[in-house]
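One-letter residues, chain by chain:
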Amino acid sequence: MNSGFVEECRREWERLGVPSPVANEMAAEVAADLEEAAAEGATADEVLGSDASDPRSFAASWAAERGVGRRSTSSERVASRAFGLAAVLALSAIAVCGAVLIIVGSPSGSRPLVGPPPPLPHNAPGRVQGVWVTPIVQLVAGPKRDILAVDQREFLVVDKTDSGVHTRTVGLVLLIVGLAGIFLSTLFSLWVGPSRWSRGRPLIEDRPTGPTN
Amino acid sequence: MAPGDGRRSQLLRGVLDLCLLAVMEEGPAYGYEMTKRLRARGLSIVGEGSIYPLLGRLEREGLVETYRAASDGGPPRKYYRASADGRRALAAGVSEWRAARDALDAVLGGVKTEAAA
């Protein structure tokens, strides 16, 4: 049991980035104490108290108190959660924008104008025997619109700056980015868990505090 | 956990560093040795957290000095002893403890526990 406890501690120290010499020293210290206690017939509880049942918490606490591990403060945890929430909200907003653009850019919501040509003066240039000539319609529609002839009496005016196809593409990209971001964020938060999500920086660097021989 | 257990833990948590510094006054000791010294005075850590994180904090704060030395027939151990700052902290802490204890005794000392039990 004792070696298993120490190995669990080692793994936690490694995860926390505790320098190997320090981790080895702490492991040797607790291992020697546990061995002595076992030789005297004492239980691990008498050496470790309630920590005997939770080696990872024990190891993290010890490393943090020595200043060689990473343990986030409450303010860092709050900041991390706020950051995570803000990221999810931003991704949600992106996804919603994408969905809106897809709806707006869909054929039922597009802006092309289909119908008879607008009235032009009878003697307007370009009107030839009732046939609308594209350059003239283009002149009426303006430079920012494309003219797509349907037949001789109907035409399609499409705003070049707001193409339905282009809008839908942008919307689709935004929707995919937003949903993928939310999905990956959720997976990441589930994978790391609340404790790892809020892992902080080392509190202070390790430093010797006495004449360790 | 009974309510009394939680209170005992909180009380102990507030003074366990002083207790460790106090048992070091008897001479340098390694972790388990300090646990045994505490137990010999009736203070068991069973049910409480271990003393190692606390020793780590005392070490980080410079209140203890450490060194490695061979133990009796065993592997080299890490011994702890109070530094000069540690002894001053112990003296100040014991004064605070006694003042708090006296004040609490003045409030709680007259309560008859036998009647409630």
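Residues numbered from 1 in each chain as written. Chains lettered and ligands numbered in written order. Predicted model: local features only at pLDDT ≥ 70, side-chain atom pairs only at ≥ 80, totals over all residues. Heavy atoms only, no water.

So, the overall build of chain A
Note the cut-off: Put simply, DSSP marks the helices as runs of H or I at least four residues long and the strands as runs of E at least two long, and each gets a number from the N terminus on. When accessible area is computed with a 1.4 Å probe and restricted to protein chains, residues below 20% of their type maximum are described as buried, those above 50% as exposed, and intermediate ones as partly exposed. Each accessible area value is a Shrake-Rupley result obtained with a 1.4 Å probe; residue values ignore everything except the protein chains displayed when judging cover.
When helices and strands are tallied, chain A shows seven helices and five strands. When the elements of chain A are put in sequence order from the N terminus, they spell out α-α-α-α-α-β-β-β-α-β-β-α. Per-residue burial over chain A gives 33% buried out of 213 residues. Carbon and sulfur atoms make up 63% of the accessible area of chain A, which amounts to about 12700 Å² in all.

Details of the packing of aromatic side chains
As a reminder, the rule being used: Between 30 and 60 degrees the pair is tilted, below 30 it is stacked and above 60 it is edge-to-face, where a pair is any two Phe, Tyr or Trp rings, Trp via its six-membered ring, whose centres lie within 6.5 Å. For a ring to carry a charge above it, either NZ of a lysine or CZ of an arginine must fall within 6 Å of the ring centroid while also lying within 35 degrees of the normal to the ring plane.
Evaluation of the coordinates by the stated rule reveals seven aromatic pairs over all chains. Seen from their ring centres, Tyr30(B) and Tyr79(B) are 5.5 Å apart, and the 85° between their planes marks the pair as edge-to-face. Here the residue Tyr30(B) occupies a position in the loop between helix 1 (3-24) and helix 2 (31-40), and Tyr79(B) occupies one in strand 2 (residues 76-82), the gap between them amounting to 49 residues. Like Tyr79(B), Tyr30(B) is buried. Each ring, one from Tyr67(B) and one from Tyr79(B), has its centre 5.6 Å from the other, and the planes form 15°; the classification is stacked. One end of the pair, Tyr67(B), is in strand 1 (residues 64-70); the other, Tyr79(B), is in strand 2, with 12 residues separating them in the sequence. By relative accessible area, which is 12% here, Tyr79(B) ends up buried. Counting every residue linked through ring pairs, the aromatic cluster contains Phe5(A), Trp13(A), Phe58(A), Trp62(A) and Tyr52(B). Looking at Arg77(B), its charged tip hangs above the ring of Tyr30(B), at a distance of 3.9 Å from the centre.

Some remarks on the pairing of strand 1 of chain B
Residue and element names in this part refer to chain B. Put simply, the test is: Criterion used throughout: strands pair if DSSP finds at least two bridges between them.
As judged from the seven bridges shared by strand 1 and strand 2, these two strands associate in the antiparallel manner. Residue Arg 68 lies in a different strand from strand 2, and its bridge partner there is Lys 78. Joining the antiparallel neighbours strand 1 and strand 2 is a turn of five residues, in which Gly 73 adopts a positive phi near 70°.

Some points on helix 2 (residues 20-39) of chain A
Residues and elements named next belong to chain A. The test is simple: The length a helix should cover is 1.5 Å for every residue beyond the first.
For helix 2, spanning 20 residues, the distance from its first C-alpha to its last is 28 Å, which sits close to the expected 28 Å at 1.5 Å a residue. Inspection of helix 2 places Val 22, Ala 23, Glu 25, Met 26, Ala 27, Glu 29, Val 30, Ala 32, Asp 33, Leu 34, Glu 36 and Ala 37 among the buried residues, and these make up the whole buried set. Positive backbone phi, at 85°, marks Gly 41, one or two positions downstream of helix 2.

Here we look at the pattern of salt bridges
The condition that has to hold: In the sections that follow, a salt bridge refers to a side-chain nitrogen of Lys or Arg positioned within 4 Å of a carboxyl oxygen of Asp or Glu.
The final tally for this structure, using the stated rule, is 23 salt bridges over all chains. Taking the shortest distance from any N to any O, the salt bridge between Arg8(B) and Glu48(B) comes out at 2.7 Å. Of this pair, Arg8(B) sits in helix 1 while Glu48(B) sits in the loop between helix 2 and helix 3 (52-60); the two residues are 40 residues apart in sequence, bridging distant segments of the chain. A salt bridge links Glu59(B) to Lys78(B), with the shortest nitrogen-to-oxygen separation between them at 3.1 Å. Of the two residues, Glu59(B) is situated in helix 3 and Lys78(B) in strand 2; the sequence distance between them amounts to 19 residues. Here the two residues Glu59(B) and Lys78(B) agree in accessibility, since each one is buried. Salt bridges linked by common partners bring Asp33(A), Glu36(A), Glu40(A), Lys36(B) and Arg77(B) together as one network.

Let's talk about the interface of chain A and chain B
Keep this limit in mind: Residue contacts are defined here by distance: any two heavy atoms, one from each residue, within 4.5 Å place the two residues in contact. Put simply, buried area is the surface a 1.4 Å probe can reach on two separate parts but cannot reach once they are joined, added for both. The residue classification treats Ala, Val, Leu, Ile, Met, Phe, Trp, Tyr, Cys and Pro as nonpolar and Asp, Glu, Lys and Arg as charged. All others, Gly included, are polar.
Residue-level contacts link 30 residues of chain A with 28 residues of chain B. Together, the buried faces of chain A and chain B total about 2500 Å²; carbon and sulfur atoms form 48% of this surface. Viewed at the interface, chain B and chain A are joined by nine salt bridges. In this structure, the salt-bridge partner of Lys36(B) is Glu40(A), at a minimum N-O distance of 2.9 Å. Looking at the side of chain A that touches chain B, the elements that each hand over two or more residues are helix 2, helix 3 (44-48) and helix 4 (55-66) of chain A. Ranked by residues supplied to the side of chain A that touches chain B, first place goes to helix 2 of chain A with seven residues. Taken together, the residues of the side of chain A that touches chain B break down into 11 nonpolar, eight polar and 11 charged.

Structural notes on helix 1 (residues 2-15) of chain A
Residue and element names in this part refer to chain A. For helix 1, with 14 residues, the first-to-last C-alpha span of 20 Å sits near the 20 Å given by 1.5 Å per residue. Where helix 1 is buried, its residues touch helix 2, helix 3 and helix 4. Immediately downstream of helix 1, the backbone of Gly 17 shows phi near 80°, a positive value.

Considering a nonpolar patch on the surface
Quick note on the threshold: Here a patch means residues that are over 30% exposed by relative accessible area and free of salt bridges, tied together within 9 Å if like-charged and within 5 Å if nonpolar (Val, Leu, Ile, Met, Phe, Trp, Tyr).
Together, Leu104(B), Val107(B), Leu108(B) and Val111(B) make up an exposed nonpolar region whose accessible area comes to about 400 Å². Considering the arrangement of structural elements, one finds Leu104(B) in helix 4 (residues 84-108).

Points about the confidence of the model for chain A
Residues and elements named next belong to chain A. What counts is decided by this rule: Along the chain, pLDDT gives the predictor's confidence residue by residue, from 0 to 100.
With 55% of its residues at a pLDDT of at least 70, chain A reaches an overall mean of 73. Here residues 126-131 is modelled with pLDDT under 50, and outside its nearest four sequence neighbours on either side it reaches eight contacts, counting other chains as well. Segment residues 194-213 is flagged for pLDDT under 50; beyond a separation of four residues in sequence, or across chains, it makes 50 contacts in the model.

Some thoughts on the environment of His166(A)
Residues and elements named next belong to chain A. Along the chain, His 166 turns up in helix 7 (residues 164-197). Note on His 166: relative accessible area 51%, which makes it exposed. As for His 166 and Gly 105, which are separated by 61 residues in sequence, their C-alpha atoms are 7.7 Å apart.

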